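Structure assessment
What follows is each chain in one-letter form.
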Amino acid sequence: GAFATWFALAMMMVNARQLGYFFHVVKSNGPALAGILATIAKSKTTPATVKITDNRPLKQLVLQDVAIGYEADALLVSDINATLVPGKLYGLAGENGTGKSTLTQALLGQLTPLSGTIMADNPPVTALSNAQRAAVFGYVAANDYIFSGTIKENLLLGNQFGDQWQQHLDELGLMHFVTDLQDGEGGRLLSPGQRQQLAFARMLLADKTVYLLDEMTSSIDAANAAIILAAIKRLSRQKIVLFISHDLSAMAEA
């Protein structure tokens, strides 16, 4: 009986201690919790979509004596000089691990070159605001994310062409494989090549000035790769386009 009484009292003390610790945690995190609740309340009055209005088309993208890498004594590439302008399709080829994606990060302003400058017209790319870079640069990788929803909802996430969006895709020869844009929930019924077409078409409808296309055709079937490459070539007549691949055969149009 004495042991049972002692055990019951001990359990009560443990529970009381846990309860006290719980209140201590709540009290110490009170300011953070208040901030979270205030953010949730504020988000209810935030517009459903936020449009970036400071997009300014670039006339050229200039690389001046650029060296890239993650350490000064371990450069990936150095002495890069190039001027990219609309009307030409530029290709960047090289084996895996030679710095293609690292250079892409530098072009996007996400990585500062170890030396040299990347100029977006006059100012360096790194001097642009996040909003300006998001408005100007379009980046499509090999496995871009397809959001939950219909194909049409995915396509129109950043659409800048109004009601003419489907005509624009038709002119570029994209998305002809699907007859009903309301189908294909999350793209789960699409082949890898069709998913790549969808990701590319979505970025085209966002109407950027500079397109950086990173290994887009590296792991898809030949038919879809040919469709995408043809669309890229048409796109380059109006935009600054850099096509990146380790496959030299894909550079034939560049």
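Because the structure is predicted, anything quoted here is derived from the model rather than measured. Numbering of residues begins from 1 in every chain and follows the order in which that chain's sequence is written. Since the coordinates come from a predicted model, pLDDT governs what is reported: local features require at least 70, and pairs of side-chain atoms require 80 or more to be given and counted, while whole-chain, interface and lining totals use all residues. Only hydrogens and water are set aside; all other atoms, that is, all heavy atoms of the structure, feed into the side-chain values.

What follows covers the pattern of salt bridges. For this document, the term salt bridge refers to a Lys or Arg side-chain nitrogen within 4 Å of an Asp or Glu carboxyl oxygen. Tallied over the full model, the rule gives two salt bridges. Of the charged contacts, one joins lysine 239 and aspartate 207 as a salt bridge, the two residues approaching to 2.8 Å between their closest N and O atoms. Highlighted residues: lysine 239 in the loop between α8 (222–235) and β7 (240–245) and aspartate 207 in the loop between α7 (192–205) and β6 (210–214), separated in sequence by 32 residues. A simple rule labels every residue: compare its accessible area, found with a 1.4 Å probe on the protein chains alone, to the largest value its type can have, and call it buried under 20%, exposed over 50%, or partly exposed in between. Aspartate 207 gets classed as partly exposed once you look at its relative accessible area, which sits at 28%. Each helix is a run of H or I in the DSSP string that is no shorter than four residues. Each strand is a run of E no shorter than two, and both are numbered from the N terminus.

Time to look at the nonpolar core. Leu155, Leu169, Leu174, Met175, Phe200, Leu213 and Ile232 are the most contacted members of the largest nonpolar core, which has 33 residues in total. A per-element tally of this core places α7 first, with seven residues. Contacts were defined at the residue level, with two residues in contact if any of their heavy atoms lie within 4.5 Å. If we skip the residues at most four places from it in the chain, leucine 213 touches Val140, Phe200, Ile232, Val241, Leu242, Phe243 and Ile244. Take the buried residues of types Ala, Val, Leu, Ile, Met, Phe, Trp, Tyr and Cys, join any two whose side-chain atoms come within 4.5 Å, and each joined set is a nonpolar core. Leu63, Ile118, Phe137 and Leu242 belong to the second-largest nonpolar core, a separate cluster that totals 23 residues.

To continue, consider unusual backbone geometry. Leave glycine aside and you will find that most residues have negative phi; peptide bonds, for their part, are mostly trans. Even without being a glycine, methionine 175 presents a positive backbone phi close to 65°. With respect to the secondary-structure elements, methionine 175 resides in the loop between α6 (165–171) and α7. Given the relative accessible area of 7%, methionine 175 is considered buried.

With that settled, the discussion passes to the layout of surface pockets. Cavity means a closed set of points on a 1 Å grid over the protein atoms alone, one where a 1.4 Å probe fits but cannot get out, pocket means an open set with protein on both sides within 12 Å along at least 5 of 7 lines, and lining means a residue has an atom within 4 Å of a point. Grid points are joined across faces, edges and corners, and a volume is the space filled by probe spheres set on the points. There is about 210 Å³ of room inside the second largest pocket. In terms of lining residues, the second largest pocket is bounded by 17 residues, among which Leu63, Ile80, Leu92, Leu103 and Leu242 are the most central. If you list the elements that add at least two residues to the lining of the second largest pocket, you get β1 (61–69), β2 (75–84), β3 (89–93) and α3 (100–107). Taken together, the residues of the lining of the second largest pocket sort by class into twelve nonpolar, four polar and one charged. Throughout, the ten residues Ala, Val, Leu, Ile, Met, Phe, Trp, Tyr, Cys and Pro are labelled nonpolar, Asp, Glu, Lys and Arg are labelled charged, and all others, Gly among them, are labelled polar.

Within a sheet, adjacent strands bond to each other through the backbone by hydrogen bonds, running parallel or antiparallel. In space, the three strands of this open sheet follow the order β2-β1-β4, with antiparallel pairing throughout. At either end of the open sheet lies a strand with only one pairing partner, and these are β2 and β4 (115–120). Strand after strand, the sheet turns through a mean of 20° between neighbouring axes, direction not considered. By the bridge criterion, five bridges tie β1 to β4 in an arrangement that is antiparallel. Each residue of the ladder has a partner; that of leucine 63, found in β4, is isoleucine 118. The pairing criterion for strands is at least two bridges between them, as found by DSSP. Axes here refer to lines fitted to C-alpha atoms; in helices the fit is confined to the stretch in contact. Angles between the N-to-C directions go from 0 to 180 degrees.

Take the side chain of glutamine 194 next. For glutamine 194, the location among the structural elements is in helix α7. The term polar contact refers here to a pair of N or O atoms within 3.5 Å; inside protein, the definition further demands a hydrogen-donor-capable atom paired with an acceptor-capable atom, and it admits residues adjacent in sequence only when both atoms are side-chain atoms. At 3.0 Å, the side chain of glutamine 194 and the backbone nitrogen of serine 191 are in polar contact. In contact with glutamine 194, not counting residues within four places along its chain, are Phe177, Leu189 and Asn224.

With that settled, consider the pairing of β1. A large share of β1 lies buried, amounting to seven of its nine residues. With six bridges joining them, β1 and β2 adopt antiparallel strand pairing. Looking at the pairing, leucine 63 lines up with alanine 82 of β2. The hairpin formed by β1 and β2 contains five residues between the paired strands.

Summarising burial for β7: six of the six residues are buried, a large majority. By the alternation rule, side chains of β7 split into Ile240, Leu242 and Ile244 and Val241, Phe243 and Ser245, which are all buried. The pairing of β3 with β7 spans five bridges and is classified as parallel. Bridge pairing links leucine 92 to isoleucine 244 in β7. Sheet topology note: the β6/β7 ladder contains five bridges and is parallel.

Taken together, four strands build an open sheet; the order of strands is β3-β7-β6-β5 and the sheet is parallel. The open sheet terminates on both sides in strands that have one partner only, identified here as β3 and β5 (137–140). Strand-to-strand twist across the sheet, computed as the mean angle between neighbouring axes with direction ignored, equals 15°. In this fold α8 packs onto β3, β6 and β7, with an angle of close to 150° to the strand it touches most, β7.

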